[in-house]
Every structure is written in C-alpha cells, then in structure tokens.
Amino acid sequence: MISANVSVLDGSLYFTVSLLFIVASFAGYFIFLFTGNKTISKISFGVLIAGFIIQTAAFVIRWIYAYKIGINTPPLVDLYDSMVFFAYVIIFGFILIRIFYDFDALGFIITLVASLALAFASFSPLAPSAVEPTIPALQSYWLIYHIMTLFISYGAFGASFGLGVLYLIKINKTGKNESNKKRGGFLSLLPPAPIIEESIYKVVVFGLVFLTAGIVIGAAWADSAWGGYWSWDPKETWSLITWLTYVLFIHARFTKGWGGKKMAWIAVIGFAVVIFCYLGVDLIIPGLHSYATPGSTPIL
Amino acid sequence: MIMFSKLYKFFSSVKLAIFLFIAIAALSMVGTFINQADTASQYKTIFGPQVYHILYWLGFLDIYGSWYFIGLAVLLVINLITASASILPHTFKTVFGPYPSFDETAAKKSPKAIYEIIESKKDVHEITKVLNSKLGKPFSEKELYYSKNSIFRLSPFIAHFSVIIIIIGVFLNFHYGFRSYTNIKVGEKTNISYLSKNHKPIKLPFTLSLDNYRTLYYKDGIPKSYISKISIIKNHVAVATKNIKVNHPFTYGGITIYQASYGHYKPTAAKLSIVSLKNRKSEKIVYAEFGKLYDTGINNIKFRFIPYKHPKKDEIPFFIELSNNKILKFYVLPYKKHSMPLIFAKYQNTVFLYNGVKNYYYSGVEITKNAYTSVIWAGSIILIIALFFSFFFNHTETWVKLTPLKDGKKTRIEILAVPKKKFESFYNKFNKLIAGIKKDLTGE
Ligand code: HEM
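Residues numbered from 1 in each chain as written. Chains lettered and ligands numbered in written order. Predicted model: local features only at pLDDT ≥ 70, side-chain atom pairs only at ≥ 80, totals over all residues. Heavy atoms only, no water.

Caption draft 1: Summary view of the site of the ligand. The ligand sits among 25 residues. The nearest are Y201, H251 and R253 of chain A together with H160 and K421 of chain B. Measuring from an oxygen atom of the ligand, one finds a side-chain N or O atom of R253 of chain A at 2.7 Å. The side chain of H160 of chain B places a nitrogen or oxygen atom 2.6 Å from a nitrogen atom of the ligand. Mapped onto the shell around the ligand, the elements with two or more residues apiece are α9 (234–252) of chain A together with α2 (14–33), α5 (67–96), α8 (155–176) and α9 (373–392) of chain B. No other element matches the five residues that α5 of chain B contributes to the shell around the ligand. (Near = heavy atom within 4 Å. Polar contact = N/O pair within 3.5 Å; in protein donor to acceptor, adjacent residues only side chain to side chain. Helix = DSSP H or I, 4+ residues; strand = E, 2+ residues; numbered from the N terminus.)

What follows is the structure, given as structure tokens:
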C-alpha cells in the first residue's frame, strides 16, 4: 500500500483533498439548481476556485517530486496523472467560461464530471498514484505538447457535453421558443436555448482546433520517435474517429433538418467517443499508448 | 446533361460528406477490434480457419489498406473538390465583388437575415455619416454595403484544400515509402528487412550492422533506455555509425532506422573452457553446439557436448562424450569468489569448465522510408490555421437602402444584415447597434 508519507511528497494527497472541495462545490451547484439562490452559486464558485488552487499546487509539487527522483518528463504519463489533469483542465475551462458569461447552471455538470474523474484517479486500483519512471518510449518533450493540447480539447468536449445535456433538457421541457418563462426553477436558470446552442458550437470548435493540433503533434512525435507518423494504433485510430465525429458536427449545420437538437446529440455522443478514446481503448485494447497496465507495456 | 448535373450535385453534397465521415469512422473502428497485419497462422489460431477466411475475404485483416477504405478516401477527395468548386464562385463574389444589391439580397429571404426600418429627418449626407461611424467604411459608394471579415470566407476552402493535400501526402507516402522491421544479432549484418504490412522481405539499399547493444536501467531495475550502435555499410565500407535509441532514430539517405525492441535468441551453444592441468595457461574456448564434434586441442582428444534425454532432478542436464566413447559427467563446485558455482567435468589432466550459454542479443529495428511526409506536415499546419480562422472570424454583411419619403422631409432607412452563422450573439449585437443608430438619427 501507498503510505501517507509518499502521498504528501508526491502531491497526490492534495489532489484527494481538492476532491473534497470540488464535491462540496458540486453540492452547492446542485442546491442552486433547485433554489436558484445566487449566493449559493457564488459560494460554490469560490469553493471551486479554492479546489483549483490546491490542484495547481499539487501539480507543481508532483512535477518537482518527479524531477527530484530523476524523471525528466512531467507527470502526465500514466492513467492517474491524465485523469487528474483532465479534471484540472475542465475546471479551468469552466472558470474561464464563468468569468466571461453568467453561466452558473453549467457548474453542476462540470463539477460532477471533474469529481468523477478525480474520484476514479484517487480510489480506483486501476490508477495507482505512484510516480513511476517513464518508459523509454515516452521520454520526449513532444509528450508535453501532445498531452496538453489533447487534454485542452478533451476539456472543451467535456464542457460541450454538459452544454448539450442542458440544451436537450431545456428543449424537451420548454421547446425552442421560451414560451413558459414562468415555470421557474432549474430551467429558468439556463440561458435561452439559442445561446446554449451557440455556446455548444463555440466550445466544440475550440476543442476541434486543439484536437487537430494534438493529433498532428502526436503524428510528428511518432515520426520522430517510432516507425512513422501513423501506425493505425488503436488509440490513434480512435482519435481519428473522434476527430471525424466533430468534423461531422461542424458540417451538420449545412444540411437541412439538422437543428439544434441533433447538434446537441452529436456533442453528447462525441464526448462518449472521447471517453472511449481516452479510457476505453486503454482498458479494452492494448496498444502503444496503454496507460492501463503500468510496467507491462512493451518497450514501444 | 441532366445526368451529369445530378452526379455533380451528388458528389458535391454535404450529405455525401456526412456519409463518408460515418463510413470511415465505422470501418476504422472495426480495425481497432481486429488486430491488423498479424500473420495468417496467428489469425487462424485466434479465429479458427473458417472465421479467418471470412475476415480475409471481407478485407478486415488489412482494413486500412483495403480497396474500399482507400476508395472512401478517394471519394472524400472528390467530394471535397466538387463541393469546393461548386461554392467557390459564390464565395469569391462575396469576397471580391461584384457585391449583390440590397434588392437582390432581400429577394433571397435568407433565414439568417435580419431587417430593420428607421425613418429620419436628417439629410442623406448626415445619415451616411452616422451609418459609417457605426458600420465602418462601405465597400461600394453607390450603395451602402458594409462587409466585415469577408476575407475569412476563404478559410473553409483553405481547410478543405489542406485536407486534400494531407490525403495526397498520405497516398504518396504509402506508394513511395515503406515500413519494415528486422532483427539483427550483435556483431552481425543484414540487408534484408520485412515489410510491416505483409512480412515480405525486401532488400535495403545498404547493409546494416549491429556493432553493440545495451540496456540502461533506472535504480529500481526499470529499463531507462535501449541503445543500439548501428553502422551503415555500403560497398563493404562503413559510411556511418550511430547510437540509436527510442525517441532518437537515425536517418540515412531518406531511410530512418528506429530502435523498436530487443531480446535474445534461444541459446544454441554452450561456452566451454578447456584447460589442461599441466599447463594452466592453455585455456581454449569452444562454443559447443549439442551433438557436434570438437577438438579439445589437448592430446588430439575430440568431444561432443550432449544433453540428457531425461535429466534427473538436481542433475546437470548435459554431459561430454569423448571420441573414445568415454562419458564425462559434470560436477558442481561451490565457488566463493563467483556468484556462479563452478561446473566442470574432468578427464585425466583435461578439465572442461562450463561457462554458461552463449546469448545472441539482437536489436529489433524499424526501417522506414517516410517519403513525402513534408507534404503531410505542410497540409496539417495549414489545416490548423485555417480551422482557427474558419471558426473564430465570422463574416457579416450589411446593406443599407435610403429612400426619400413622399413628403420630402423624411428619409426611410432600411437595414438588412446577413451573418455567415446564425448566432444569438450576432443578433444581440445587431439590435444594440440598431438602437444606437436610431438614437443618433431620430433622437429617440
Ligand atoms: C475532411 C475534413 C474536413 C474538414 C476538416 C472540413 C472543415 C471545414 C470547416 C472548418 C468549415 C467551416 C465551418 C464553419 O465555419 O463552421 C467547413 C465548411 C464546409 N465544408 Fe468542410 N471540411 C471537411 C470535409 C468536407 C467535405 C468532405 C465536404 C463535402 C461536401 C465539406 C463541405 C463543406 C461545406 C459545403 C462547408 C460550408 C462552406 C462555406 O459555407 O463556406 N467539408 N468545412
């Protein structure tokens, strides 16, 4: 078992602590959904920022720790680190959206997704938190750019998933034309459907630019490190499938009969594809990118 | 002709594009669940011969090289070209003119359009001044036509063009390049490599020798790096020597050599030292393979190294048979200085020391000719930039029509705006803009 001592040193304890903050923030946002109490949503946002700051610190501690024990690549490599980083990015994205738009209702989905990711990282035996030496295949500076760009895109797709769900709930309950404003409660807290629709598009295309960049960087890395720029490795292939899903999303607008509802569905399904690409592939199909089985990875 | 235009419509439709996205994604998926490019015998053991034949027939065992996968990629290119060609004239017009008039646009009744009427007592000159201050410089003087970010209408074309470039690059690479692998024993040479897609041997334009191989470890025993010292030999002369490791390949003459794996072959020979007790310095080393006859170099004694068919437990599983049919057993002597005990057999004054098996380390390298990758990188970079500009720079067009009203005192101002994308934020902004214009023109 991992001793408490190590988890302080390598920063993983602080990630677990941040989980408490994010769950608290989630609880606040959840209450906010049913009461519409602005004070509660503000407090939740404050708690979330506190959690984010703790995570930032944890991240720095972990990087320094890795460096100290002789590992020169940042702690982004294994399943634990990538889960934690995903939670980090999606929270960061939400904080940005929240600063620019008055969009408290999104908080509950974002904190939920972030909590699940962090809880999985902290408690699942599939994701040990120990900082392991990096296998030779991953000792490269491409790694940082590759993972960062991809996780920014995953964060954006996570947000578009949340927005898509909200949009679908809203449309199913009220229809497109806001006829029943008086209903009150949860639905009245959401921005009007067309605004959600627009934000889905904006978040998706933001994610798509980063996804494209991330895939290209990955290919460039593969070209400089392995036998070529593209090997149809399962993870690569699934990233292409993800990419095609979102390319489909941006083109769906140009065909008749693909209204906001279908677009929202693509955003929801798209995120399922992202999750499969990110976790499913590792857990089900072995390949170059296997996070799931530390140590058992072949040298390539 | 009708036939032709129908075909053209089909090939340029976004519906076809959506079908292609889904089809390519679905086929790619199949390829991640069935291992690609294994050998036929591997497939037969995994799936059984019947299923293997069906999968083979469907092309599912080399799906990314199958005719229908390549066919879909070709269709995608045709789709991209025809779709771009069919809207390019229109887009060029919106960017470079001649711009459509107010009436033409109004007649089109675009669902995105937004229309507003204001009446003002101010004279035309003043009205124009107010409008220009809010909307920017009009593109044409005759009519009040304002256009913002029009140049970015070209970015989707550039995005599509770059996708075509990437696909072309991939095809060129596929056609003119190759990917192969080979294993080289330490100290040996080869000029044969095996194609990754079908394991067929090819001849390399040079000979590769593995001068040395080693693995470096972290303190706790996890491998840190795998290093092969590789020489390239041309016409019996080494023209280049380089250490390669994972993430640090070596390129020579357009061909790149990557460290991919390592291992050792099953030992085939035992290392025996043969020492005469009379002359301790007379050590002779023989790499003895089972069953072969070797000379000890001492008194013309010849020997064979032979395994026991059914070795007993705790017994050394081999023995020496001399040419005079004498059998020598091996004995174990614990030996302090070495961690390994001494294993020996003795005949008169001759001692056979067993020094372990001879290991042949090999290094697995991938040998790749990555032709035309620069085409792919160029396409990719253009794609990323074009995506960025497509998404974040939206074109909006605004037409204003001024008509003097009958009483001669007032002017009717009709404002018609068409955004490229139907965004709520555009309409909000536009409403604010109209409110501002109204205030300046009517004082309301
Ligand atoms: C395969 C990769 C493709 C990529 C990366 C891509 C990219 C894009 C982008 C970025 C836009 C602008 C979208 C927006 O502004 O929201 C766009 C628009 C468009 N795309 Fe594609 N596209 C691809 C394939 C295709 C294909 C195969 C077709 C075939 C019909 C197509 C037809 C169109 C059309 C008609 C538009 C609208 C263009 C305009 O309004 O100016 N695209 N595409």
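Caption draft 2: Region of interest: the sheet that holds strand β1 (residues 114–120) of chain B. Residues and elements named next belong to chain B. Spatially, the four strands line up as an open sheet ordered β1-β19-β18-β2, and their pairing is antiparallel. Of all the strands in the sheet, just β1 and β2 (144–148) have a single pairing partner and so form its edges. If you compare each strand with its neighbour and ignore which way they point, the axes differ by 15° on average. In this structure, strand β18 (residues 396–404) lies alongside strand β19 (residues 411–419), joined through nine bridges in antiparallel fashion. Opposite T396, over in β19, you have P419 as the bridge partner. (Pairing = 2+ DSSP bridges. Axes fitted to C-alpha atoms, helices over the stretch in contact; angles between N-to-C directions.)

Caption draft 3: Spatial organisation of the coordination of the iron atom of the ligand. Each protein donor to the iron atom of the ligand is listed here as H251 of chain A (NE2) and H160 of chain B (NE2); together their distances run 1.8 to 1.9 Å. In this structure, the iron atom of the ligand is coordinated by six donor atoms arranged in octahedral fashion, with angles at the metal of 84 to 179°. Linking H251 of chain A in helix α9 with H160 of chain B in helix α8, this pair reaches from one chain into another. For H251 of chain A, a relative accessible area of 15% gives the class buried. (Donors = N, O, S within 2.8 Å, 3.2 Å for Na, K, Ca; no water. Tetrahedral: all angles 85-135°; square planar, octahedral: opposite > 155°, others 65-115°. Buried < 20%, exposed > 50% of the residue type's maximum accessible area, 1.4 Å probe, protein only.)

Caption draft 4: Here's a closer look at the packing of aromatic side chains. Enumeration over the complete set of coordinates arrives at 57 aromatic pairs over all chains. A ring pair is formed by F45 of chain A and F94 of chain A, whose centres lie 6.2 Å apart and whose planes are at 80°; its orientation type is edge-to-face. Taken together, the residues span a long stretch of sequence, with F45 of chain A in helix α3 (residues 38–68) and F94 of chain A in helix α4 (residues 79–100) at a distance of 49 residues. Among the residues examined, F45 of chain A registers a relative accessible area of 13% and is labelled buried. Judged by relative accessible area, which is 1%, F94 of chain A ranks as buried. Arranged with centres 6.0 Å apart and planes meeting at 35°, the rings of Y181 of chain B and Y194 of chain B form a pair that is tilted. Here Y181 of chain B is found in strand β3 (residues 178–185), whereas its partner Y194 of chain B is found in strand β4 (residues 189–195), with 13 residues between them in sequence. A relative accessible area of 34% places Y194 of chain B in the partly exposed class. Aromatic rings pair up to connect F52, F59, W63, F85, F86, Y88, F92, F151, Y154, F161, F271 and Y278 of chain A into one cluster. Note that R98 of chain A overlies the ring of F45 of chain A, its terminal NZ or CZ placed 5.1 Å from the centroid. (Phe/Tyr/Trp six-rings, centres within 6.5 Å; stacked < 30°, edge-to-face > 60°. Lys NZ or Arg CZ within 6 Å of the ring centre and 35° of its normal.)

Shape descriptors only; they carry no functional weight alone.
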